[in-house]
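A structural walkthrough
Residues per chain are reported as follows:
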Amino acid sequence: MTEFDAIYYDGRTSARNPVRVRAAGELLHIAGAALALDIPLTTARVDPPLPGMPRALRFGDGASLHTDDEAAVDALFPSPGRVHALAQALESRWLYALGGVAVVIVFGAWCIVYGLPLAAAIAARFVPQEAERSLGEHALATIDRTLCRASASTPARREAVLADFRALTAGIAGSDHYRVELRQCRGMGPNAFALPGGIVVVTDPLLRVLPDDAQVSAVLAHEIGHVEHRHALRGALQAAGAAALVSAVAGDAVSITSLATTLPTLLLQRGYSRGFEDEADTFAFAKLKQVGISPHAFAQALTALENAHPAAQTGRESPMDYLSTHPATARRIARALKAD
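Heads up: these notes are all about the structure in this document.

Each value, and the rule that gives it
Counting of residues starts from 1 at the beginning of each chain's written sequence and follows it residue by residue. This being a predicted model, a pLDDT of at least 70 is required before a residue's local features are given, and a value of 80 or more before pairs of side-chain atoms are given or counted; all residues contribute to the totals for chains, interfaces and linings. The side-chain quantities take in all heavy atoms of the structure and omit both hydrogens and water. Take the buried residues of types Ala, Val, Leu, Ile, Met, Phe, Trp, Tyr and Cys, join any two whose side-chain atoms come within 4.5 Å, and each joined set is a nonpolar core. For each residue, the accessible area found with a 1.4 Å probe, counting protein chains only, is set against the maximum for its type, and the residue is called buried under 20%, exposed over 50%, and partly exposed in between. Helical segments are the DSSP runs of H or I of at least four residues, strand segments are the runs of E of at least two, and each set is numbered from the N terminus. Only heavy atoms enter the contact rule, under which two residues are in contact if any of them lie within 4.5 Å. In this analysis, the protein atoms alone were mapped onto a 1 Å grid. Cavities are point sets where a 1.4 Å probe fits without being able to get out; pockets are open sets with protein on both sides within 12 Å along at least five of seven lines; lining residues have an atom within 4 Å of a point. Grid points are joined across faces, edges and corners, and a volume is the space filled by probe spheres set on the points. Fitting a line to C-alpha atoms yields each axis, with helices limited to the stretch in contact; the angle taken between N-to-C directions then spans 0 to 180 degrees. Here the word oblique covers every angle except those under 35 degrees (roughly parallel), over 145 (roughly antiparallel) and from 65 to 115 (roughly perpendicular). Left-handed describes a crossing in which the near helix is turned anticlockwise from the far one by less than a right angle; the clockwise case is right-handed. The residue classification treats Ala, Val, Leu, Ile, Met, Phe, Trp, Tyr, Cys and Pro as nonpolar and Asp, Glu, Lys and Arg as charged. All others, Gly included, are polar. Each Phe, Tyr or Trp ring, with Trp reduced to its six-membered ring, pairs with another whose centre is within 6.5 Å; inter-plane angles below 30 degrees give stacked pairs, above 60 give edge-to-face pairs, and intermediate values give tilted ones. The pairing criterion for strands is at least two bridges between them, as found by DSSP.

The next point concerns the nonpolar core. With 40 residues, the main nonpolar core has Val 202, Leu 206, Leu 220 and Tyr 322 as its most contacted residues. Counting residues per element, this core draws most heavily on helix α7 (residues 213–228), at 7 residues. Leave out the neighbours within four places in its chain, and Leu 206 touches Pro 190, Asn 191, Ala 192, Val 219, Leu 305 and Tyr 322. Grouped together as the second largest cluster of nonpolar side chains are 19 residues, Tyr 8, Val 19, Leu 28 and Leu 76 included.

Right, let's get into empty space enclosed by the protein. Using a probe with the size of a water molecule, rolled over the atoms, empty space left in the structure can be pinpointed. Summed over the entire model, instances satisfying the criterion amount to 2 cavities of 30 Å³ or more. Size it by volume and the second largest cavity reaches roughly 30 Å³. Breaking the lining of the second largest cavity down by element, the ones donating at least two residues are β10 (192–195), α7 and α8 (231–240). Broken down by element, the lining of the second largest cavity gets its largest block of residues, 3 residues, from α8.

In this section: the layout of surface pockets. Within this model, the second largest pocket holds a volume of roughly 190 Å³. Forming the boundary of the second largest pocket are Gln 129, Glu 132, Arg 133, Ala 173, Gly 174, His 177, Tyr 178, Gly 197, Gly 198, Val 227, Glu 228 and Arg 230. The set of elements that each furnish at least two residues to the lining of the second largest pocket consists of α4 (129–146) and α7. If one sorts the elements of the lining of the second largest pocket by residue count, α4 sits on top with 3 residues.

With their axes 7 Å apart at the nearest point, helix α13 (residues 296–307) and helix α16 (residues 330–338) run at an angle of 155 degrees to one another. Judged on the interaxial angle alone, α16 and α13 are roughly antiparallel. The two elements α13 and α16 cross, and the hand of that crossing is left-handed. Mapping the contact onto sequence places His 296, Phe 298, Ala 299, Leu 302, Thr 303 and Glu 306 in α13 and Arg 332, Ile 333, Ala 336 and Leu 337 in α16. Partitioning the contact of α13 with α16 into residue classes produces 6 nonpolar, 2 polar and 2 charged.

Another aspect to go through is the packing of aromatic side chains. Summed over the entire model, instances satisfying the criterion amount to 1 aromatic pair. Centre to centre, the rings of Phe 285 and Phe 298 are 5.8 Å apart; their planes meet at 70 degrees, and the pair counts as edge-to-face. One end of the pair, Phe 285, is in helix α12 (residues 274–290); the other, Phe 298, is in helix α13, with 13 residues separating them in the sequence.

On to the sheet that holds strand β9 (residues 179–185). Strand pairing in a sheet takes place through backbone hydrogen bonds and is either antiparallel or parallel in direction. With mixed pairing, 4 strands are arranged side by side in an open sheet as β8-β9-β11-β10. Of all strands in the sheet, those with a lone pairing partner are β8 (148–150) and β10, marking the two edges. Sheet twist, expressed as the mean angle between neighbouring strand axes with direction ignored, is 40 degrees. Direction of pairing for β10 relative to strand β11 (residues 199–203): antiparallel, over a ladder of 4 bridges. Note on β11: the bridge partner recorded for Ala 192 is Val 202. Strands in contact with helix α5 (residues 155–169) are β9 and β11; relative to β9, the strand with the most contacts, it is inclined by about 145 degrees. Sheet contacts for α7: β9, β10 and β11; angle to β10, the most-contacted strand, approximately 25 degrees.

Here it is, written out as structure tokens:
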């Protein structure tokens, strides 16, 4: 016969009931000051041991017993074997516990840096084109409602940009869904960014900084590269995390389009990763050469934008200009010069 002292909780209230427990056959007799229960031993489930913590016996109705008598619990619930013993040994040593925490941290960091981008790239393949275009339209509507209004550029300049964009998208599969939108936006300097589904937004200040049509075409080609590689969608999936990835794989267009309210902020404040920028640059160089424009135009555009950057003139950096969302470096300029 096994007996031990314990604390009984009925699972309905937080009342703490000191009791004496006696095991007889297949029954647990639980007796306290105002309590007398007989519970079948087979209905009890024992928690694994944790150093410094009472052992807990839990029952199907939510009630539980908590005791410090390890020997009594082990007598009632013999160890299932080596696996149990190994788990108990690992849990009872701080060094192993700290090692486990370190493994979790390292694995979590790997998931954020490498795993989530990889998962987003895979999940993006399962997002229907219609859902991606819907996300882009919702994002543009959010931008127009909160930041931007129609372009104030001259009709001739607008038509020139549209013609250049049509030339760059000619021959691309699904190019009938591609379009360029010109905007003047509050608090936004020279900028251009791609939305999911084929929308490219160009601000009036960027057209003023780049009066040369070839340089504008270079920027447009780069943004088309972001569209072709679905960078905005992949970035949104990464930022939204696991819930968005599950929705994407399940083809839940409603859940995906709900990302539209956060997508403009992601694009304008976080920008793209270096890998995304390199992919878009490579696409742009090939596309420019295809339409008879030297990739040098891209290097010239980056140089002109760098010279017009607020940090270069005032020492302050705007979070909403092209160099913030598309960090320009000497390496990228050098790549464009070598790509000719």
